[in-house]
Amino acid sequence: MPDDPVPADARATGQVILRVDLDALAENWRRLAARAQRGAKGTECGAVVKADAYGLGLAPVARALLEQGCASFFVAHPGEGQELRAIAPQARIFILNGLPPDACPLFAASRLIPVLGSLPEVAEWAGFCRAQGARLPAAIHIDTGMNRLGLPAADLFSARTLMADFEPALAMSHFISAEDRSSSRSRRQIELFEQARGKLPPMPASLCNSSGMFLDEPPFLDLCRPGYALYGGNPIPGFENPMRRVVELYAEILQIRDVEAGETAGYNARWTAPSRRRLATLNLGYADGFLRSGAEARPGVQAFAGGKFCPVVGRISMDLSIIDISDASPLRRGDRVEILGPHISVDELATRSSTIGYEILTRLGPRFRREYVSNGQ
Ligand SMILES: *Cc1c(COP(=O)(O)O)cnc(C)c1O
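Reading the values: the criteria
Residue positions are counted from 1 within each chain, in the order its sequence is given. In keeping with the model being predicted, local features are shown solely for residues with a pLDDT of at least 70 and side-chain atom pairs are shown and tallied solely at 80 or more, while totals for entire chains, interfaces and linings include all residues. Think of the side-chain values as coming from all heavy atoms in the structure, minus any hydrogens and water. Any two strands between which DSSP finds at least two bridges are classified as paired. Strands here are runs of E lasting at least two residues and helices are runs of H or I lasting at least four, both read from the DSSP assignment and numbered beginning at the N terminus. Note on definitions: a residue-residue contact is assigned when non-hydrogen atoms from the two residues lie within 4.5 Å. Note on geometry: axes are lines fitted to C-alpha atoms, helical ones only across the stretch in contact, with angles between N-to-C directions running from 0 to 180 degrees. Take the residue count of a helix, subtract one, and multiply by 1.5 Å to get its expected span. Side-chain atoms alone can form a polar contact between residues adjacent in sequence; in general such a contact is a pair of N or O atoms within 3.5 Å, and within protein one must be able to donate a hydrogen while the other accepts it. Nearness here has a simple test: a residue counts as near a molecule or strand if at least one of its heavy atoms is within 4 Å of that partner. In these tables, accessible area is a Shrake-Rupley quantity obtained with a 1.4 Å probe, and a residue counts as shielded only by the protein chains included in the view. All amino acids are sorted into three groups, where Ala, Val, Leu, Ile, Met, Phe, Trp, Tyr, Cys and Pro are nonpolar, Asp, Glu, Lys and Arg are charged, and the leftover types, Gly among them, are polar. An angle below 35 degrees is treated as roughly parallel, one above 145 as roughly antiparallel, one from 65 to 115 as roughly perpendicular, and anything else as oblique. By definition, turning the near helix anticlockwise from the far helix through less than a right angle yields a left-handed crossing, and turning it clockwise yields a right-handed one. The domain limits used here are those given by an automatic or database domain assignment. Accessible area that two parts lose when put together, with a 1.4 Å probe and added across both, is what the buried area reports. The term salt bridge refers to a pairing of a side-chain nitrogen on Lys or Arg with a carboxyl oxygen on Asp or Glu at a separation within 4 Å. To sort residues, take the accessible area from a 1.4 Å probe on protein chains only and compare it with the maximum for the residue type: under 20% means buried, over 50% means exposed, and anything in between is partly exposed.

**Student:** Quick rundown of the sheet that holds strand β6 (residues 112-116)? Include the residues and the values.
**Tutor:** Here seven strands make up an open sheet; going across it, the order is β3-β4-β5-β6-β7-β8-β9 and the pairing parallel. What marks the edges here is a single partner per strand, and that holds for β3 (47-48) and β9 (205-206). Strand direction decides the pairing type here: strand β7 (residues 137-141) and strand β8 (residues 167-172), joined by five bridges, are parallel. When the bridges of β8 are listed, I140 appears paired with A171. Lying over the sheet, helix α5 (residues 78-87) contacts β4 (72-75), β5 (92-95) and β6, oriented at roughly 165 degrees with respect to β5. Those strands touched by helix α7 (residues 119-132) are β6 and β7, and its axis lies near 145 degrees from that of β6.

**Student:** Before we move on, can you summarise helix α2 (residues 22-36) with the specific residues and values?
**Tutor:** Under the 1.5 Å per step criterion, the end-to-end length of α2 is 21 Å for 15 residues, consistent within 8% with the ideal 21 Å. Residues of α2 that are buried in the fold lie against β1 (17-21), β2 (44-45), α4 (58-68), β10 (223-224) and β19 (369-373). Near the N-terminus of α2, the side chain that reaches the backbone nitrogen of D23, with its oxygen 3.0 Å away, is that of D21.

**Student:** Hey, could you go over the site of the ligand for me, with residue numbers and the actual values?
**Tutor:** In the vicinity of the ligand, 13 residues are found, and the nearest of them are K50, Y54, S210, Y228 and Y358. Here Y358 contributes a side-chain N or O atom positioned 2.6 Å from an oxygen atom of the ligand. In the complex, the protein chains occlude 93% of the 390 Å² of accessible area that the ligand would expose alone. Partitioned by chemical class, the residues of the shell around the ligand number seven nonpolar, four polar and two charged.

**Student:** An account of the packing of α4 against α5 is requested, with residue identities and associated values reported.
**Tutor:** Close contact between α4 and α5 brings their axes to 10 Å; oriented N to C, the two are set at 50 degrees. The orientation of α4 relative to α5 falls into the category oblique. For the crossing formed where α4 meets α5, the hand is right-handed. Listed contacts from α5 to L58, A59, A62, R63 and L66 of α4 are E80, E83, L84 and I87. Residues of the contact of α4 with α5, tallied by class, amount to six nonpolar, no polar and three charged.

**Student:** For the domain arrangement of the chain, give the residues involved together with the corresponding values.
**Tutor:** The assigned domain composition of the chain is domain 1 (22-231) and domain 2 (247-373). Domain 1 and domain 2 are separated by 37 Å when their C-alpha centres are compared. Counting from both sides, the interface comprises ten residues of domain 1 and, opposite them, eleven residues of domain 2. For the pairing of domain 1 and domain 2, the buried interface totals around 1,000 Å² over both sides, and the portion due to carbon and sulfur atoms is 60%. Taken as a group, Y54, L56 and Y228 account for 54% of the area that domain 1 buries against domain 2, more than any other trio of residues on that side. Where domain 1 meets domain 2, there are zero salt bridges. At the junction of domain 1 with domain 2, the criterion picks out four residue pairs in polar contact (both at pLDDT 80 or more). Residue classes in the side of domain 1 that touches domain 2 are distributed as seven nonpolar, two polar and one charged.

**Student:** Provide a residue-level description of the side chain of R277, including the pertinent values.
**Tutor:** Examined against the element boundaries, R277 turns out to sit in strand β14 (residues 277-282). A distance of 2.9 Å separates the side chain of R277 from the side chain of D324, its partner in a polar contact. Sequence-distant contacts of R277, defined by excluding residues within four places in its chain, comprise R257, D258, V259, W271, D324, S326 and D327.

**Student:** Help me get a handle on unusual backbone geometry, residues and values and all.
**Tutor:** The phi dihedral of A53 falls on the positive side, at around 50 degrees, and the residue is not glycine. Its location among the elements puts A53 in helix α3 (residues 50-54). Backbone geometry at A269 places phi at a positive 50 degrees, although glycine is not the residue there. Locating A269 in the fold gives a position in the loop between β12 (264-265) and β13 (271-272). On the basis of relative accessibility, which here comes to 38%, the residue A269 falls in the partly exposed class.

And the structure:
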């Protein structure tokens, strides 16, 4: 696959190719689902598909996961939940950002499960259920240190009283730094979560995001909520990635030119040729999520072309970027260049861009030609 030419129609429209391997995604979910079962046979593996399934496309990703038997999904916004409901009529859909004011009817109409994170949210859901005469399900978010969303321990008693009016479907909390396996924070959060659960009626519980599932003693509990690892991100930075690659991104060479020592390239002349160099201009820029800050970061972003890693030189423009192909085997206008793929992982590009893979994925641009590969096709 990496040596395929850019398809003729994509070349004609000037599009960068984003390939999403739905088979790899499905296998990643199966691996995580098997891992979740190490805790207890009944532990369920859900999927976090917020932000358009981390930029990969909600509909194709959700369909592939449904096919594997995934039955519980998490999104951030109720609007995302409505979109998912149309694709997944039977699934449980949790709304991580909680309950906006006056949104109860919308939640009920689409059977969305709010992850209630404050007393006003709990009270509003309870009041709505009372008025409807229906104990609708809701999850309870317990804050164990993030101070972002979730009920503090002091509010649990009041929440408990209100919970009589609805169905407490899940107690959950979120790790602050689960990707750091040696951090004592995760252990502390697990303790706080268990203490908090003791103050609430019995209900299923969930703590693990992707990295949480790879802690030394992961609290798999009843339900796991992986996102990043499903999409091929490494849940254990610094160790070999246990997940399969899902995303590949290929730009195209628009022009090739030779520059002499001392010439500059790109806006504000931020790069000066140290010697005679051969440069290629690519059809990929910051409007496509190829972060402008990436070229400024150290060790700096690179592409893979002509059998070599080729550094990006100069500033990344909105629609274009420039790479140094002097050391690569001969390349031509129209040749394809790997930005993400077998040689460059999402985590690698992120590190070189001074960010995290989550941001790389969720910024993947709207202009790409998206190709979804399934059953090897
Ligand atoms: C985004 C999110 C997840 C998924 O996290 P990953 O690190 O992508 O696996 C799980 N739980 C909550 C509350 C989240 O916001």
